[in-house]
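This is what each chain is made of:
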Amino acid sequence: PRLALGALGPRMQSLAAAEADMLITGMLGPGDVQRIREHAAQSDRQLETPLEIHVGVFVVPPGEPEAVDLAARRHLTNYLPVPAYAEFHQWLGRGRALDEMNARWASGDRRGAVAAIPASVVRELVVTGSFDECVAGVRSYLDAGVDGVNLMIPATASGDPHAMGEFLGELVSAIGALG
């Protein structure tokens, strides 16, 4: 059997790079993939096979722009204030960009925390937009060097579950058609 290890921080990434067949991570942007690859390459790999890196990619299906943005922001505030994710984003270099969100979250201002996430961070961490923009957004992770993506629709996105399943199926087909 192959071993897949969920790895967020640098120490878990190093363990995965040394001992596992696959490193699975998430809550990062395509621009962060090289940092993960470089860090993993520093580990003394104990296996003969190359390490695969898979990432969880959050996709909010196309819809009314304000609702899509709110769903993405609410999803991010479910993760980013959690200490492990806060440390991960500090390591990735987003710490300062998330300072206001973290301060508002810590003070109990949940709505303020949602609003305080910079639009650039939302765009980096959650794939949104038209269907074609979603295809391009997911494809950007593959182009950045991951071996696979796990597509997920955040629970904060509202809509018919059947329609969301169809959307994911069409998205997978469109990405597959690109090679």
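Keep in mind that this is a model prediction, so the values were computed, not measured.

(A) The arrangement of the packing of helix α1 (residues 10-19) against helix α2 (residues 33-41) in detail. One can describe the packing of α1 onto α2 by two numbers: an axis separation of 8 Å at closest approach and a directional angle of 60 degrees. Relative to α2, the element α1 lies oblique. Between α1 and α2 lies a crossing of right-handed hand. Where α1 approaches α2, its residues Pro10, Gln13, Ser14 and Ala17 are matched on the opposing element by Ile36, His39 and Ala40. Classifying every residue of the contact of α1 with α2 gives 4 nonpolar, 3 polar and no charged.

(B) View of the packing of aromatic side chains. Under the counting rule described, the total for this entry stands at 4 aromatic pairs. When the centroid spacing of 5.1 Å and the interplanar angle of 80 degrees are considered together, the rings of Tyr79 and Tyr85 count as edge-to-face. Ring centres of Phe88 and Trp91 lie 6.2 Å apart, and the angle between their planes is 20 degrees; on these two criteria the pair is classed as stacked. In this pair, Phe88 and Trp91 both sit in helix α4 (residues 83-92), 3 residues apart, roughly one turn of the helix. Residue Phe88 shares its accessibility class with Trp91, and that shared class is buried. Grouped by ring-pair contacts, the aromatic residues Phe58, Tyr79 and Tyr85 constitute a single cluster. Its end group placed over the ring of Trp91, Arg35 keeps NZ or CZ at 3.9 Å from the ring centre. Its guanidinium or amino end placed over the ring of Trp105, Arg110 lies 3.8 Å from that ring's centre, counting from NZ or CZ.

(C) Expanded view of the nonpolar core. Val59, Leu76 and Leu171 are the most contacted members of the largest nonpolar core, which has 48 residues in total. At 5 residues, strand β3 (residues 52-59) tops the list of elements feeding residues into this core. Aside from chain neighbours lying at most four places away, what touches Leu76 is Met27, Pro81, Ile117, Val122, Leu125 and Val126.

(D) The environment of Asn150, seen in detail. With respect to the element layout, Asn150 can be found in strand β5 (residues 148-152). Residues Asn150 and Trp91 lie 59 residues apart in sequence; the distance between their C-alpha atoms is 23 Å.

(E) Quick peek at the environment of Pro118. When you line up the elements, Pro118 lands in the loop between α6 (110-116) and α7 (119-125). The class for Pro118 is partly exposed, based on a relative accessible area of 23%. Residues Pro118 and Glu100 lie 18 residues apart in sequence; the distance between their C-alpha atoms is 9.3 Å. Once residues within four sequence positions are removed from consideration, Pro118 is found in contact with Arg73, Ala97 and Leu98.

(F) Examining the environment of Ala174 more closely. Tracing the chain through its elements places Ala174 in helix α9 (residues 161-177). In sequence terms Ala174 and Glu124 are 50 residues apart; their C-alpha atoms lie 21 Å from each other. Beyond its immediate stretch of four places on either side in the chain, Ala174 contacts Phe131 and Val135.

The rules we used
Residues numbered from 1 in each chain as written. Predicted model: local features only at pLDDT ≥ 70, side-chain atom pairs only at ≥ 80, totals over all residues. Heavy atoms only, no water. Axes fitted to C-alpha atoms, helices over the stretch in contact; angles between N-to-C directions. Helix = DSSP H or I, 4+ residues; strand = E, 2+ residues; numbered from the N terminus. Parallel < 35°, antiparallel > 145°, perpendicular 65-115°, else oblique. Left-handed = near helix turned anticlockwise from the far one by under 90°. Contact = heavy atoms within 4.5 Å. Nonpolar A, V, L, I, M, F, W, Y, C, P; charged D, E, K, R; others polar. Phe/Tyr/Trp six-rings, centres within 6.5 Å; stacked < 30°, edge-to-face > 60°. Buried < 20%, exposed > 50% of the residue type's maximum accessible area, 1.4 Å probe, protein only. Lys NZ or Arg CZ within 6 Å of the ring centre and 35° of its normal. Core = buried A, V, L, I, M, F, W, Y, C linked by side-chain atoms within 4.5 Å.

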